[in-house]
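# Structural characterization, general
Listed below are the residues making up each chain.
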Amino acid sequence: MSEGADNAFVVEGRMALPYQYFAGATGSTFIVALRDEHKILGVRCEKCNKTFIPPRQTCERCFADLTDNWVELEPTGKVTGFTVIRYAEPYQPKTPPYVLALIQLDGADTPLAHILECGDVDNARVGMRVRAVFADEPKDNILEIRHFEPAGE
Amino acid sequence: MREKDSDQELIVSRQVLSIPQRFATGPAMGRFLRELRDNKRIMANKCPKCGRHQLPPREVCAVCRVEATEWEELGPEGTVRDFDVVYYASPDPLTGDTRETPYVACWADLDGTQGAAPLWHLLDAPDLSQVRSGLRVRVVFAEERTGRIEDIQHFEIIE
């Protein structure tokens, strides 16, 4: 190359992505109850006999309006599935390795995805009994629950 | 839709993600950015066959497909060909910040150019009604230069 690669260099930069997420009326009620009362709310469809979390405005089966059918769920539940995150990239909620689990709370029919802290990641098991640990500081998002940990029942 | 309690607290999350990225200049852009940073010069490369300038430079003449190895300094003065007065600024992809509006961006043909695309940059125009095509402008370099196009701070109007 006659020009010579000596002229080439690398510009270190950052790319900014501004975004705005609106939780909606239903999502806001859910997060405010987590933050202010440490209560985990789901919504219930009596007709289908199902309790959903995260809460939703309409039943996914019969499309009934569930806006006011709030029910409080237990902060305990069991692991129905999990994955171990082993790669690191910006904007993960924790430093890998960590466990993301599907947790079916007592009283709910659908699982909630959240972080599971069980010491070594190899300790995670399907069927494990777990309990929600709430954040010390207001977060205004799902990290109002900091993580789940073994319930030690 | 059901009518909701109007004093319900609604959760909105606003964030700016800032993602690290690396840009490899290659030889031609490397020379261009290096000259901005170290010598406050705007360098275009020139096609040995058709004599056309390329700004920003590229390795090969886009018309003749031959390697463009000669370099010449253009500007720093030039003539506005076209401009935009911007009243709604979208966020800067590098910072997430939004410029104060209104602002002016222009495309200026730098003095000495032969066939190069006009250089786009901000135009510092205290009086918007002054801005027109044909306006004479000069490049103002940033105090701190790091080898990016922002090493040119803006164009200023020559009185």
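Attention in this report is confined to the structure presented alongside it. (Residues numbered from 1 in each chain as written. Chains lettered and ligands numbered in written order. Predicted model: local features only at pLDDT ≥ 70, side-chain atom pairs only at ≥ 80, totals over all residues.)

Time to look at the overall build of chain B. A tally of helices and strands in chain B yields one helix and nine strands. Beginning at the N terminus, the succession of helices and strands in chain B can be written as β-α-β-β-β-β-β-β-β-β. Relative to its 159 residues, chain B shows a buried fraction of 25%. Sequence separation of at least 24 residues holds for 53% of the intrachain contacts in chain B that already meet a minimum separation of 6. (Helix = DSSP H or I, 4+ residues; strand = E, 2+ residues; numbered from the N terminus. Buried ≥ 20, exposed ≤ 12 C-beta atoms within 10 Å, placed from the backbone. Contact = placed C-beta atoms within 7 Å.)

The step from Leu55 of chain B to Pro56 of chain B runs through a cis peptide bond, and the omega angle for that step is -5 degrees. Turning to its location among the elements, Pro56 of chain B is positioned in the loop between strand E3 (53–54) and strand E4 (70–74). Looking along the chain, the bond that leaves Gly75 of chain B and enters Pro76 of chain B is cis, with omega of 5 degrees. Along the polypeptide, Pro76 of chain B turns up in the loop between E4 and strand E5 (77–86). Even without glycine at this site, Phe63 of chain A takes up a positive phi of about 65 degrees. For Phe63 of chain A, the location among the structural elements is in the loop between strand E3 (50–52) and strand E4 (70–73).

It is worth spelling out the sheet that holds E3 of chain A at this point. Residue and element names in this part refer to chain A. Reading across from one edge, E3-E2-E4 is the order of the three strands in this open sheet, with antiparallel pairing throughout. Since the sheet does not close on itself, it has two edges, and those belong to E3 and E4, each with one partner. Pairwise comparison of adjacent strand axes, ignoring direction, gives a mean angle of 45 degrees for this sheet. When strand E2 (residues 40–45) meets E4, the two strands line up antiparallel, connected through four bridges. By the bridge assignment for E4, Leu41 is matched with Glu72. (Pairing = 2+ DSSP bridges. Axes fitted to C-alpha atoms, helices over the stretch in contact; angles between N-to-C directions.)

As a further point, take helix H1 (residues 26–39) of chain B. All names here are of chain B. Spanning 14 residues, H1 covers 19 Å between terminal C-alpha atoms, matching the ideal 20 Å at 1.5 Å per step. Those residues of H1 that are buried lie in contact with strand E2 (42–46), E4 and strand E9 (152–157). Just downstream of H1 lies Lys40, where phi reads positive at about 50 degrees. (Expected span 1.5 Å × (residues − 1).)

Residues and elements named next belong to chain A. With respect to the secondary-structure elements, Val133 resides in strand E8 (residues 129–134). As for Val133 and His38, which are separated by 95 residues in sequence, their C-alpha atoms are 9.4 Å apart. Other than its neighbours up to four places away in sequence, Val133 contacts Arg146, His147, Phe148 and Glu149.

Facing the 35 residues of chain B at the interface are 33 residues of chain A. When residues of the side of chain B that touches chain A are traced back to their parent elements, those giving at least two are strand E1 (12–24) and H1 of chain B. For the side of chain B that touches chain A, the leading source of residues is E1 of chain B, giving 13 residues. As paired elements, strand E1 (residues 10–22) of chain A and E1 of chain B share 13 bridges and run antiparallel to each other. Pairing of Val11 of chain A across the sheet is with Phe23 of chain B, part of E1 of chain B.

On to the nonpolar core, then. Judged by nonpolar contacts, the single largest core of 26 residues is most densely connected at Ile53, Val99, Ala101, Ile103, Leu105, Leu116 and Phe148 of chain A. Elements with a minimum of two residues in this core: helix H1 (24–37), E2, strand E6 (98–105), strand E7 (112–116), E8 and strand E9 (145–150) of chain A. Excluding anything up to four places from it in sequence, Val99 of chain A contacts Phe82, Val84, Ile115, Leu116, Cys118, Val121 and Ala124 of chain A. If you look at the next biggest cluster of nonpolar residues, it comprises 23 residues, including Leu36, Phe83, Cys106 and Val137 of chain B. (Core = buried A, V, L, I, M, F, W, Y, C linked by C-beta atoms within 7 Å.)

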